[in-house]
Amino acid sequence: YIAKRVAGPFAGFVAAMFIAIHPSFLTRTMGGISDTDAFNILFPLLMSWFFFKSFESRKLLETIVFGIFGGLICGLFAFSWGGWWYVFDFILATVSVYFVYKAFINRNELRKGFKHFVSQDYIKYPFIAISVFFTATITSNVVSNKNDVIVIPTSVYIVDSGSYGSDRTHQNIR
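Structural notes, computed from the coordinates. Throughout this document, residue positions are counted from 1 along each chain, in the order its sequence is written. Whole-chain, interface and lining totals are the exception, using all residues; otherwise, since this is a predicted model, local features are given only for residues with pLDDT of at least 70 and side-chain atom pairs are given and counted only at 80 or more. Calculation of side-chain values draws on the structure's entire complement of heavy atoms; hydrogens and water are dropped beforehand.

A short note on the overall build of the chain
Piece 1. Only DSSP runs of H or I covering at least 4 residues are called helices, and only runs of E covering at least 2 are called strands; the numbering of each starts at the N terminus. A count of helices and strands for the chain gives 9 helices and 3 strands.
Piece 2. Counting from the amino terminus, the chain carries its helices and strands in the arrangement α-α-α-α-α-α-α-α-α-β-β-β.
Piece 3. The proportion of buried residues among the 174 residues of the chain is 32%.
Piece 4. Long-range contacts, defined here as pairs at least 24 residues apart, represent 56% of the contacts in the chain between residues at least 6 apart. Buried, partly exposed and exposed residues are distinguished by accessible area as a fraction of the type maximum, computed with a 1.4 Å probe on protein chains only: under 20%, between the cut-offs, and over 50%, respectively. Note on definitions: a residue-residue contact is assigned when non-hydrogen atoms from the two residues lie within 4.5 Å.

Overview of the layout of surface pockets
Piece 1. A pocket here means an open set of points on a 1 Å grid, computed over the protein atoms alone, that has protein on both sides within 12 Å along at least five of seven lines. A cavity is instead a set of points where a 1.4 Å probe fits but cannot get out; residues with an atom within 4 Å of a point line either one. Grid points are joined across faces, edges and corners, and a volume is the space filled by probe spheres set on the points. By volume, the largest pocket is sized at about 290 Å³.
Piece 2. Amino acids are sorted into nonpolar (Ala, Val, Leu, Ile, Met, Phe, Trp, Tyr, Cys and Pro), charged (Asp, Glu, Lys and Arg) and polar (every other residue, Gly among them). Of the residues in the lining of the largest pocket, the class split is 10 nonpolar, 1 polar and no charged.

A closer look at the nonpolar core
Piece 1. We call a set of buried residues a nonpolar core when its members are Ala, Val, Leu, Ile, Met, Phe, Trp, Tyr or Cys and they connect through side-chain atoms within 4.5 Å of each other. Among the nonpolar cores identified, the biggest contains 24 residues, and M47, F51, W84, I91, V95, I130 and F133 are the most heavily contacted of them.
Piece 2. For this core, the elements supplying multiple residues, two or more each, are helix 4 (37-56), helix 5 (60-80), helix 6 (85-105) and helix 9 (121-144).
Piece 3. Among residues more than four places away in sequence, those in contact with F133 are M47, F51, G67, G70, G71, C74, F88 and I91.

Looking at the pattern of salt bridges
Piece 1. Salt bridge criterion: a side-chain nitrogen from Lys or Arg within 4 Å of a carboxyl oxygen from Asp or Glu. Using the criterion set out here, one finds 2 salt bridges in the structure.
Piece 2. One salt bridge in this structure joins E109 and K112, with 3.7 Å as the shortest N-O distance.
Piece 3. Two residues, K124 and D121, come together in a salt bridge whose shortest N-O distance is 3.7 Å. Taken as a pair, K124 and D121 lie in helix 9 at a separation of 3 residues, close to a single helical turn.

What about a nonpolar patch on the surface?
Piece 1. A cluster of nonpolar side chains, F10, F13, V14, M17 and I21, forms an exposed patch at the surface whose accessible area comes to about 520 Å².
Piece 2. Inspection of the secondary structure puts F10 in helix 2 (residues 9-21).
Piece 3. Residue F10 is classed as exposed on the basis of its relative accessible area, which comes to 64%. Patch membership needs two things, relative accessible area over 30% and no salt bridge, and members are linked within 9 Å if like-charged or within 5 Å if nonpolar (Val, Leu, Ile, Met, Phe, Trp, Tyr). Areas reported as accessible are Shrake-Rupley estimates using a 1.4 Å probe. Residue values count occlusion only from the protein chains shown.

Digging into the environment of S131
Piece 1. Within the element layout of this structure, S131 appears in helix 9.
Piece 2. According to the relative accessible area criterion, S131 is partly exposed, its value standing at 28%.
Piece 3. For S131 and G71, which are 60 residues apart along the polypeptide, the C-alpha to C-alpha distance reads 9.9 Å.

Observations regarding the environment of N108
Piece 1. The topology assignment puts N108 in helix 7 (residues 107-111).
Piece 2. Throughout this description, a polar contact denotes any pair of N or O atoms lying within 3.5 Å of each other; where both atoms belong to protein, one of them has to be capable of donating a hydrogen while the other can accept it, and for residues adjacent in sequence the pair is counted only when both atoms sit in side chains. Of note is the side chain of N108, whose polar atom sits 2.9 Å from the side chain of R111.

Points about the packing of aromatic side chains
Piece 1. Pairs were defined over the aromatic rings of Phe, Tyr and Trp, the Trp ring being its six-membered one, requiring ring centres within 6.5 Å. Orientation was assigned from the angle between planes: stacked under 30 degrees, edge-to-face over 60, tilted for the rest. Across all of its chains, the model carries 16 aromatic pairs by this definition.
Piece 2. With centroids separated by 6.5 Å and ring planes inclined at 55 degrees, the aromatic side chains of F99 and F127 adopt a geometry described as tilted. Here F99 is found in helix 6, whereas its partner F127 is found in helix 9, with 28 residues between them in sequence.
Piece 3. Following the ring pairs from residue to residue traces out a cluster consisting of F51, F52, F55, W84, F88, Y98, F99, F127, F133 and F134.
Piece 4. In this scheme, the term charge over a ring applies when either NZ of a lysine or CZ of an arginine sits within 6 Å of the ring centre and within 35 degrees of the ring normal. The ring of Y122 has K102 lying over it, and the distance from NZ or CZ to the ring centre is 5.1 Å.
Piece 5. R107 extends its terminal NZ or CZ atom over the ring of F104, reaching a point 4.5 Å from the ring centre.

Pasting the structure below:
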């Protein structure tokens, strides 16, 4: 879907075929081999798709619903793989660049006042999308992880409840 939106139906078909028959993906996820590579393809794609749908929507309800789904998928991804924050941080960095770009391009609107600038749809809805996505990610991580993961922007801390006999209270894993 993402390749189709960016470059057309043929690019979407090629991207889907590339993911479906890529040898390094197929050899590590065949029957009998237990690995998380299938999750490392599925969850980032779903997370990105829901976030892009939320980001490009200009309806408040769609923005919120797709942002929540993207955040929940991100939480499931965090539960299945420790490197989830690569995709999460990439999305945050991309949105930051988008806001800086929009501020530069629309600097005349910004000169009229910050309140006027942020009330524009091209800033308001993406800001709502990233806020809902970020909040849903934090919520789903805290609820779904067995180690009580607390997400702080660009850092992840594990709070060990002591059930494994460890005396650690906080460990920065990133």
